[in-house]
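Each chain, written out:
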Amino acid sequence: PAAPHPPAEPLELAAAVWRASRLHPVPMLCLPRSLALARMMARRGEPCEVVIGAQPLNGTLDAHAWVEQGGTPLNSADDSAARHPVLIRHVVGGP
């Protein structure tokens, strides 16, 4: 069964991090955006996981980082784990 959708607030935080990252003079990639989102959620007592996945692709390493809550990606596509096999999961925040 599909995981239930996370509360609106974490998704709003993810959208805010995305908007802020677009204003930064240096391109903000997935890892710093995910760390910022996880930190904001932790400060609000919201549990989440920072996930890092990677796979070889055409002689390079295709890596991606995202934040999940209840198994649902907040700042990435739902199929992120399928496209980037998970290497690390780090639990952040919570009551």
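Look up a bit, the structure's there.
Predicted model only: the values in this text are computed from it and were never measured.

Asks: How would you sum up the nonpolar core? Please name residues and give values.
Replies: Judged by nonpolar contacts, Leu13, Ala14, Val17, Leu37, Ala38, Met41, Cys48, Val50, Val67, Leu74 and Val92 together constitute the single largest core of eleven residues. Elements that contribute at least two residues to this core include exactly helix 1 (8–23), helix 2 (30–43) and strand 1 (48–57). Once you skip the residues sitting within four places of it in the chain, Val17 turns out to touch Arg33, Ala36, Leu37 and Met40.

Asks: Talk me through the side chain of His84; I want residue IDs and the actual numbers.
Replies: Within the fold, His84 resides in the loop between helix 3 (80–83) and strand 4 (86–92). Judged by relative accessible area, which is 6%, His84 ranks as buried. Within polar-contact distance, the side chain of His84 engages the side chain of Asp62 at 3.1 Å. Ignoring sequence-local partners within four residues, the contact set of His84 consists of Gly53, Ala54, Asp62, Ala63, His64 and Trp66.

Asks: Give me the pattern of salt bridges: which residues, what numbers.
Replies: Throughout the structure, instances matching the rule amount to four salt bridges. For the salt bridge of Arg44 with Glu9, the shortest nitrogen-to-oxygen distance reads 3.7 Å. Here Arg44 is found in the loop between helix 2 and strand 1, whereas its partner Glu9 is found in helix 1, with 35 residues between them in sequence. Owing to a relative accessible area of 38%, Glu9 belongs among the partly exposed residues under this scheme. Beyond isolated ion pairs, a larger network of salt bridges with shared partners links Glu49, Glu68 and Arg89.

The rules we used
- Residues numbered from 1 in each chain as written.
- Predicted model: local features only at pLDDT ≥ 70, side-chain atom pairs only at ≥ 80, totals over all residues.
- Heavy atoms only, no water.
- Core = buried A, V, L, I, M, F, W, Y, C linked by side-chain atoms within 4.5 Å.
- Buried < 20%, exposed > 50% of the residue type's maximum accessible area, 1.4 Å probe, protein only.
- Helix = DSSP H or I, 4+ residues; strand = E, 2+ residues; numbered from the N terminus.
- Contact = heavy atoms within 4.5 Å.
- Polar contact = N/O pair within 3.5 Å; in protein donor to acceptor, adjacent residues only side chain to side chain.
- Salt bridge = Lys/Arg side-chain N within 4 Å of Asp/Glu carboxyl O.

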